[in-house]
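An overview of the molecular structure
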Amino acid sequence: LVAAGCSLAGIGVAYPCNLARVKLQVQGVNGRSILYNGVIDCWRKTLHFEGLIGLYRGFVPNLIKALPAQSILLQVQRR
């Protein structure tokens, strides 16, 4: 239970960084326009246009994927 809580906290903190990374990587691909000048600019524009929920869009599917793996990893490393 503690491992799941720690995993949830870690994923929650790191997710906006991951989201910015993905947004920066896909801009300019297949004719898409360049929208962001960096991570801070990406966060600022996402907050402005989508609100706080925009930084966590897609969080639940990512959590369903990552939480079991992270919890098991923490339990195994603890022993």
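Note that the structure is a prediction, hence the values are computed from the model and not measured. (Residues numbered from 1 in each chain as written. Predicted model: local features only at pLDDT ≥ 70, side-chain atom pairs only at ≥ 80, totals over all residues. Heavy atoms only, no water.)

1. Topic: the packing of aromatic side chains
Basically, it comes down to this: Paired rings are identified among Phe, Tyr and Trp, the last through its six-membered ring, by centres lying within 6.5 Å, and are further divided according to the angle between planes into stacked (under 30 degrees), edge-to-face (over 60) and tilted (the rest). Only DSSP runs of H or I with at least four residues qualify as helices, and only runs of E with at least two residues qualify as strands; both kinds are numbered from the N terminus onward. Relative accessible area decides the class of each residue, using a 1.4 Å probe on protein chains only: under 20% of the type maximum gives buried, over 50% gives exposed, and in between gives partly exposed.
In the structure shown here, the tally under the stated rule is three aromatic pairs. When the centroid spacing of 6.2 Å and the interplanar angle of 20 degrees are considered together, the rings of Tyr15 and Tyr56 count as stacked. With Tyr15 in helix H1 (residues 2-26) and Tyr56 in the loop between helix H3 (52-55) and helix H4 (59-78), this residue pair connects regions lying 41 residues apart in the sequence. Among the residues examined, Tyr15 registers a relative accessible area of 8% and is labelled buried. Considering the side-chain rings of Tyr15 and Phe59, the 5.4 Å spacing of their centres and the 80 degrees angle between planes classify their relative orientation as edge-to-face. Of this pair, Tyr15 sits in helix H1 while Phe59 sits in helix H4, and the two are 44 residues apart along the sequence. Of the two residues examined, Tyr15 and Phe59, each falls in the buried class.

2. Details of the environment of Asp41
Stated precisely, the cut-off is as follows: Any two residues having at least one pair of non-hydrogen atoms within 4.5 Å are treated as being in contact. Here a polar contact is taken to be a pair of N or O atoms separated by no more than 3.5 Å, where protein atoms must pair a possible hydrogen donor with a possible acceptor and residues adjacent in sequence count only if both atoms sit in side chains.
Within the secondary structure, Asp41 is located in helix H2 (residues 39-50). In this structure the C-alpha to C-alpha distance between Asp41 and Gln25, which are 16 residues apart in sequence, comes to 14 Å. Those residues in contact with Asp41 that lie beyond four places of it in its chain are Leu35 and Tyr36. A distance of 2.9 Å separates the side chain of Asp41 from the backbone nitrogen of Asn37, its partner in a polar contact. A distance of 3.3 Å separates the side chain of Asp41 from the side chain of Arg44, its partner in a polar contact.

3. Some thoughts on the nonpolar core
Counted only if it meets this: By nonpolar core we mean a set of buried residues, namely Ala, Val, Leu, Ile, Met, Phe, Trp, Tyr and Cys, connected to one another through side-chain atoms within 4.5 Å.
Counting six residues, the largest nonpolar core is built from Ile11, Tyr15, Leu19, Phe59, Leu63 and Ala66. Looking at this core, the elements with two or more residues in it are H1 and H4. When sequence neighbours within four positions are dropped, the list of residues in contact with Phe59 reads Leu8, Ile11, Gly12 and Tyr15.

4. Section: the pattern of salt bridges
So the rule is basically this: Every case where a carboxyl oxygen of Asp or Glu lies within 4 Å of a side-chain nitrogen of Lys or Arg is listed as a salt bridge.
Applying the stated criterion across every chain yields a total of four salt bridges. Ionic pairing is found between Glu50 and Lys23, a salt bridge with its closest N-O pair at 3.4 Å. In this pair, Glu50 sits in helix H2 while Lys23 sits in helix H1, placing the two residues 27 residues apart along the sequence. By relative accessible area, which is 16% here, Lys23 ends up buried. A salt bridge links Arg57 to Glu50, with the shortest nitrogen-to-oxygen separation between them at 3.1 Å. Several salt bridges converge on common partners, so that one network encompasses Lys23, Glu50 and Arg57.

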